[in-house]
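Commentary on secondary and tertiary structure
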Amino acid sequence: MKKLDKLIITSGSIRPHSTSRAPIQPSTLPITLLSLFNVSIPSPIDPSSLPFARSLHLSAQACQAIQLLLPQLDSLCIKRLLNPTDLGLSIRESTSITSLSIPEDYIYHLDERARTVIRDRIIDFRMVVAPNSNGHNLTSILDGGKAIKKVILDGTYFAINQQATHKIFETLGAACKKKEIELWKDNFDVGNGKVDLEK
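Presented here is a report on the structure given in the accompanying data block. None of these values were measured; they are calculated from a predicted model.

1. Description of the side chain of Ser 75
As for its placement among the helices and strands, Ser 75 is situated in strand E4 (residues 75-81). Judged by relative accessible area, which is 19%, Ser 75 ranks as buried. In contact with Ser 75, other than residues within four places in its own chain, are Arg 54, Ser 55, Leu 56, Ile 97 and Ser 99.

2. Regarding the pairing of E4
Buried residues dominate E4, accounting for 5 of its 7 residues. Of the strand pairs in this sheet, strand E3 (residues 55-61) and E4 are connected by 6 bridges, and their pairing is parallel. Directly across from Leu 58, in E4, lies its bridge partner Ile 78. Between E4 and its parallel partner strand E5 (residues 99-103), the chain crosses via helix H1 (residues 86-93), and the hand of that crossover is right-handed.

3. Some remarks on unusual backbone geometry
Its identity is not glycine, yet Ser 11 carries a phi of approximately 50°, on the positive side. Structurally, Ser 11 is set in the loop between strand E1 (6-10) and strand E2 (33-37). At Glu 180, a position not held by glycine, the phi torsion is positive, near 60°. Looking at where Glu 180 falls in the secondary structure, it is placed in the loop between helix H4 (162-179) and strand E8 (182-186). Exposure remark for Glu 180: the relative accessible area of 72% places this residue in the exposed category.

4. Let's talk about the packing of H1 against helix H2 (residues 112-121)
One can describe the packing of H1 onto H2 by two numbers: an axis separation of 8 Å at closest approach and a directional angle of 40°. What the angle tells us is that H1 and H2 run oblique. Where H1 crosses over H2, the two elements pack in a sense that is left-handed. Residues Gly 88, Ile 91 and Arg 92 of H1 pack against Arg 113, Ala 114, Val 117, Ile 118 and Arg 121 of H2. Residues belonging to the contact of H1 with H2 are distributed by class as follows: 4 nonpolar, 1 polar and 3 charged.

5. Describing H1
Along an α-helix, residues three or four positions apart point the same way, because every turn accommodates 3.6 residues. Within the sequence span of H1, burial applies to Asp 86, Leu 87, Gly 88, Ser 90 and Ile 91. The inward-facing, buried residues of H1 contact E4, E5 and H2.

6. Structural notes on H2
Restricting attention to buried positions, one finds in H2 the residues Ala 114, Arg 115, Val 117, Ile 118 and Arg 119. Of the surrounding elements, those touching the buried residues of H2 are H1, E5, strand E6 (124-128) and helix H3 (136-142).

7. A closer look at the sheet that holds E2
Pairing in this open sheet of 9 strands is mixed, and the strands run E1-E2-E3-E4-E5-E6-E7-E8-E9 from one edge to the other. Across the chains shown, the open sheet's two edge strands, defined by having one partner strand only, are E1 and strand E9 (193-194). Pairing of E4 with E5 involves 3 bridges; the strand directions are parallel. By the bridge assignment, Ser 75 is partnered in E5 with Ser 99. Lying on the sheet, H1 is in contact with E4 and E5; it crosses E4 at an angle near 170°.

8. Thoughts on the environment of Lys 199
Tracing the chain through its elements places Lys 199 in the segment after E9. Through-space distance from the C-alpha of Lys 199 to that of Gly 173 is 9.6 Å; in sequence the pair is 26 residues apart.

9. Re the side chain of Ser 90
As for its placement among the helices and strands, Ser 90 is situated in helix H1. A distance of 2.9 Å separates a polar side-chain atom of Ser 90 from the backbone oxygen of Asp 86. With residues up to four places along the chain from it excluded, the contact list for Ser 90 reads Cys 63, Leu 70 and Leu 76.

Definitions and cut-offs
- Per chain, residue numbering runs from 1 following the sequence as it is written.
- With the structure being a predicted model, the display of local features is reserved for residues of pLDDT at least 70 and the display and counting of side-chain atom pairs for 80 or more, all residues being used for whole-chain, interface and lining totals.
- Computation of side-chain values covers all heavy atoms of the structure but excludes hydrogens and water.
- Segments assigned H or I by DSSP are reported as helices when at least four residues long, segments assigned E as strands when at least two residues long, and all are numbered from the N terminus.
- Note on exposure labels: buried denotes an accessible area under 20% of the residue type's maximum, exposed denotes more than 50%, and partly exposed covers the range between, all computed with a 1.4 Å probe on protein chains only.
- Pairs of residues are marked as contacts when any of their non-hydrogen atoms sit within 4.5 Å.
- At least two bridges found by DSSP between two strands is the condition for calling them paired.
- By convention, orient the strands away from the viewer: a clockwise path from the first strand over the helix to the second makes the crossover right-handed.
- For helices, the fitted line uses only the C-alpha atoms of the stretch in contact; every axis is such a line through C-alpha atoms, and the angle between N-to-C directions lies from 0 to 180 degrees.
- Just so you know how the angles are binned, under 35 degrees is roughly parallel, over 145 roughly antiparallel, 65 to 115 roughly perpendicular, and the rest oblique.
- By definition, turning the near helix anticlockwise from the far helix through less than a right angle yields a left-handed crossing, and turning it clockwise yields a right-handed one.
- Only Asp, Glu, Lys and Arg are considered charged in this grouping, and only Ala, Val, Leu, Ile, Met, Phe, Trp, Tyr, Cys and Pro are considered nonpolar; every other residue, Gly among them, is considered polar.
- Polar contacts here mean pairs of N or O atoms no more than 3.5 Å apart (in protein, one a potential hydrogen donor and the other a potential acceptor; neighbouring residues in sequence count only if both atoms are side-chain atoms).

By themselves, these are just geometric observations and shouldn't be taken as functional.
This is the structure we're talking about:
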């Protein structure tokens, strides 16, 4: 465990030590990346047990148990939350993050304070594009942005529609060019990589 730097837990549970048993010596893990998918965590995770954790990936997950970890993170990747309204709180409490990844559909759940955090502090912003997206959800985030230098569009769930694909990159390309932001494609059928905004 001393060399473990990434921990991925899927459909499991993290349980606190039973107080009825003999006490154990507290230990810290050298994990820098923690990924949780549908994990039951009845008690808040003590950040002192994961002092080196800087990246957190969440999918089908509740946020209450991981809130104490948020201030120490550099990167937060949210694929799905059990309660999407937790998104704004999670972003606001991640006071050190500069990299954020969220599904496009979750932009609707962002309150103005969370949007301000993204505009003022996030440097690398990744968005999992919704099927048949037109790009306007992201341009609403880019408007007024002060820190964003790189936008990555993840096309994992994007509908196969050449016209729609052209439209979203036309919309975002203009917004990114205006703000001097790099635009990248990932997980699309073709053309992944950095987008040439001069074309």
